[in-house]
Amino acid sequence: MRILLSLLLIFMFNELVAQFSSELNMSKSLEYVDKVNTDSIISFYTNKNGQTGIIRDSKKNIVFDVFDKDLKKIHTQIIERHKKETIVGDLFFGNEMRLFTEYAIKKNERILYCHIFNIEDNTHSQVKVYETLIAGRQALYSEMKDHKIAFALSNDGQYLAIASDNLDKDDDSFLVRVFHSNTLEEVYTNTFLDNSPNYFELQDLAISNEGVAYSLGKLYLDGRSEKKGGEANYKYVLNKINNGMNKALSVEMDDLHVETMAISLMENKIHLLGLFSEKSVGQVKGGCSFLVDLETFRITSNTQADLPIEVFEEIYGIGRAQRKQKKELSNFNIDYLLTDDNGNTYIVAEEFYITSSYSSGSFMGGVGGGGFGGSSSVPHYDDILILKFKSSGELEWGRGLFKRSNEHSYNAFLKDGNINIILNSGKDLLEKEDGRTKISKGFLESSALYRFTFSKEGLESNHKILDYKEGYRYLPEVGTYSNNKFIMMSSGKRRKHFAILD
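Attention here is on the structure that accompanies the text. The numbers attached to residues start from 1 for each chain and follow its sequence in the written order. With the structure being a predicted model, the display of local features is reserved for residues of pLDDT at least 70 and the display and counting of side-chain atom pairs for 80 or more, all residues being used for whole-chain, interface and lining totals. In computing side-chain values, all of the structure's heavy atoms are included and hydrogens and water are not.

## A few points about the overall build of the chain
And step 1. Think of it this way: any DSSP run of H or I at least four residues long counts as a helix, any run of E at least two long counts as a strand, and we number them from the N terminus. A tally of helices and strands in the chain yields three helices and 40 strands.
And step 2. Buried, partly exposed and exposed residues are distinguished by accessible area as a fraction of the type maximum, computed with a 1.4 Å probe on protein chains only: under 20%, between the cut-offs, and over 50%, respectively. Residues counted as buried form 51% of the 502 residues belonging to the chain.
And step 3. Only heavy atoms matter for contacts: two residues are in contact if any of them lie within 4.5 Å across the pair. The long-range fraction of contacts in the chain, counting pairs at least 24 apart against all pairs at least 6 apart in sequence, stands at 50%.

See below:
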């Protein structure tokens, strides 16, 4: 009986591993000649019929490309962009891709336009969403921390919400505009944090299928510093906004430090998720989770959980894991917030920081060169952190990937309930003596495309998809997952194609 039970357990484990470690099938589209030489992809979208649309930025133009279900190019449209027109955001649903631009008509007048491109009938139209006055020569929608904009689309695609501040240095009130998505007809406009003397940093926006908008951000208590006297100098505020209604809910941090949080909007509740530290923002000790009931607009669950020891073992090795756990992780940015059909939510974050590199210039001058040295900034896109939170709010598991890179080159998506991470690395993964698997590319090493998979239970597997040998590579970071397929474009100036993983 014991032998049979052991064999049964082994069989069940092998079946469980096989369910999530099976390889994705890969195919390639036909090669095509690109009319516009740019890899600056703004948006990549596939509709339910398998047609794919891509929006690209090409200095003076906006480029719309359309491909059929076999990824054969069927249309390219080039739209001239005014020199005072700036791209500020994009959304897509159904057969339409929406690109929002700000046009500086005068020094204190701004217009928000929406370029609408239908990938089913290849038609383009431009709609003026609204016009407004601003102070001085400021941008209406800037990436500066002082001024924020957020776009959100309801899950059914019926409502569009746009939130922005009023750009007045003495007043941090925010304006939310809600529109019917199909017509861009305004449904309502409302303010939140009206005439507040405190600085507010907008971090996320969501809108329900009923047209109710939810904004999340940091409300600073005194000035704009993250800490005062060693304590957090802010609180998080979730606002519920409708036509003529505005409710604010304070999200207490319990003396923890949280740099950013994000919203996962479900049918009858909101899941707020972030990474917390006991020391300062920018560091990570664990994950925090808040569940908000939409009817009562009250927090029903408040959970903080330290990162599991497995995260530190996989990033630093077993010998250093416990020591590193006491120091916390640093510089992780949340890239993906993924929710499965059962309401479980996954955070996927990547470590990012910048260092300076100095060159003496002794070999840089060349013939006729001055030989002067200088410093340059070096970006680092390193380790990856994956956390799974149950629908009830508890942290179920956490895993880490030990990675080194100087560019952002990965994508994450849910397939069959498993987390898939597609990334570029060196030809061979390095298996270190301390048990870690290092993902990196050596100076003279060729590149390869890899897939890392994490099951519902947190089990990890990886395999190489292909070695790059033909003078190109794929761009998974700007790929798209739709209709149970992941599609990504190849790099290159003129001759390009797609890879399909299914």
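## Here we look at a positive patch on the surface
And step 1. Among the surface-exposed residues, K279, R320, R323 and K327 lie close enough to one another that they form a single positively charged patch.
And step 2. Position of K327 among the secondary structure elements: in helix α3 (residues 318–327).
And step 3. For K327, a relative accessible area of 46% gives the class partly exposed. Nonpolar side chains (Val, Leu, Ile, Met, Phe, Trp, Tyr) are joined into patches within 5 Å and like charges within 9 Å, using only residues with over 30% relative accessible area and no salt bridge. We get accessible surface area from the Shrake-Rupley algorithm with a probe of 1.4 Å; when it comes to residues, only the shown protein chains can shield them. A pairing counts as a salt bridge when a side-chain nitrogen of Lys or Arg comes within 4 Å of a carboxyl oxygen of Asp or Glu. His is not counted, nor are the chain ends; Lys and Arg add positive charge and Asp and Glu add negative charge. For this purpose, a charge sits on NZ of Lys, CZ of Arg, CG of Asp or CD of Glu.

## Some remarks on the pairing of strand β8 (residues 96–106)
And step 1. Summarising burial for β8: eight of the 11 residues are buried, a large majority.
And step 2. Joining the antiparallel neighbours strand β7 (residues 85–93) and β8 is a turn of two residues, in which G94 adopts a positive phi near 60 degrees.
And step 3. Strand pairing follows a simple DSSP-based rule, namely that at least 2 bridges must link the two strands. Relative to strand β9 (residues 109–118), β8 runs antiparallel, the two sharing 10 bridges. The residue bridging A104 from the neighbouring strand is R110, located in β9.
And step 4. Counting the residues in the hairpin turn of β8 and β9 gives two residues.

## Let's talk about the sheet that holds strand β21 (residues 257–265)
Picture the strands of a sheet paired through backbone hydrogen bonds; they go either parallel or antiparallel.
And step 1. Here we have four strands laid out as an open sheet, ordered β21-β22-β24-β25, and antiparallel in their pairing. Of all strands in the sheet, those bounded by a partner on one side alone are β21 and β25 (298–306). The sheet shows a mean angle of 20 degrees between the axes of neighbouring strands, taken without regard to direction.
And step 2. Summarising the sheet, β21 and strand β22 (residues 269–277) pair through seven bridges and their orientation is antiparallel. Paired with S264 across the strands is H271, a residue of β22. Axis lines are fitted to C-alpha atoms, over the contacting stretch for helices. Their N-to-C directions set the angle, which ranges from 0 to 180 degrees.

## Here we look at helix α2 (residues 309–316)
And step 1. All buried positions along α2 are accounted for by V311, F312, E314, I315 and Y316.
And step 2. Against α3, β26 (329–330), β29 (374–389) and β30 (395–403) lie the buried residues of α2.
And step 3. After α2 finishes, the residue G317 shows a positive phi value of roughly 95 degrees.

## Some thoughts on the sheet that holds strand β32 (residues 418–426)
And step 1. One open sheet accounts for four strands, arranged β31-β32-β35-β36; its pairing is antiparallel. Each of the sheet's edge strands pairs with one partner strand only, and the pair in question is β31 (410–415) and β36 (460–467). Between one strand and the next, the sheet's axes are offset by a mean angle of 25 degrees, whatever the strand orientation.
And step 2. With eight bridges joining them, β32 and strand β35 (residues 447–454) adopt antiparallel strand pairing. The residue bridging I421 from the neighbouring strand is F452, located in β35.

## Some points on unusual backbone geometry
And step 1. The phi torsion at D255 lies on the positive side, around 65 degrees, for a residue other than glycine.
And step 2. Residue placement: D255 occurs in the loop between β20 (245–251) and β21.
And step 3. Located in the positive-phi region is F297, a residue other than glycine, with phi close to 50 degrees.
And step 4. Residue position: F297 is located in the loop between β24 (286–293) and β25.

## So, the packing of α2 against α3
And step 1. Between α2 and α3, whose axes approach to 8 Å, the crossing angle comes to 125 degrees. What the angle tells us is that α2 and α3 run oblique. As α2 runs across α3, the sense of the crossing is right-handed. Where α2 abuts α3, its residues I309, F312, E313 and Y316 lie against I318, R320, A321, Q322, K324 and Q325.
And step 2. Split into classes, the residues belonging to the contact of α2 with α3 amount to five nonpolar, two polar and three charged. Angle categories are assigned with fixed cut-offs, so that under 35 degrees is roughly parallel, over 145 is roughly antiparallel, 65 to 115 is roughly perpendicular, and the rest are oblique. Here a crossing is taken to be left-handed if its near helix is turned anticlockwise relative to the far helix by less than a right angle, and right-handed if that turn runs clockwise. All amino acids are sorted into three groups, where Ala, Val, Leu, Ile, Met, Phe, Trp, Tyr, Cys and Pro are nonpolar, Asp, Glu, Lys and Arg are charged, and the leftover types, Gly among them, are polar.

## Regarding the side chain of H115
And step 1. Of note, H115 is situated in strand β9.
And step 2. Each polar contact in these results corresponds to two N or O atoms within 3.5 Å; when the atoms are within protein, one needs to be able to donate a hydrogen and the other to accept it, and residues that are neighboring in sequence are counted only if both atoms are side-chain atoms. Engagement of the side chain of H115 in a polar contact is seen with the side chain of H124, the distance being 3.0 Å.
And step 3. Once residues lying within four places of it in the same chain are set aside, the contact partners of H115 are I62, F64, I79, E85, M97, R98, L99, T101, H124, S125 and Q126.

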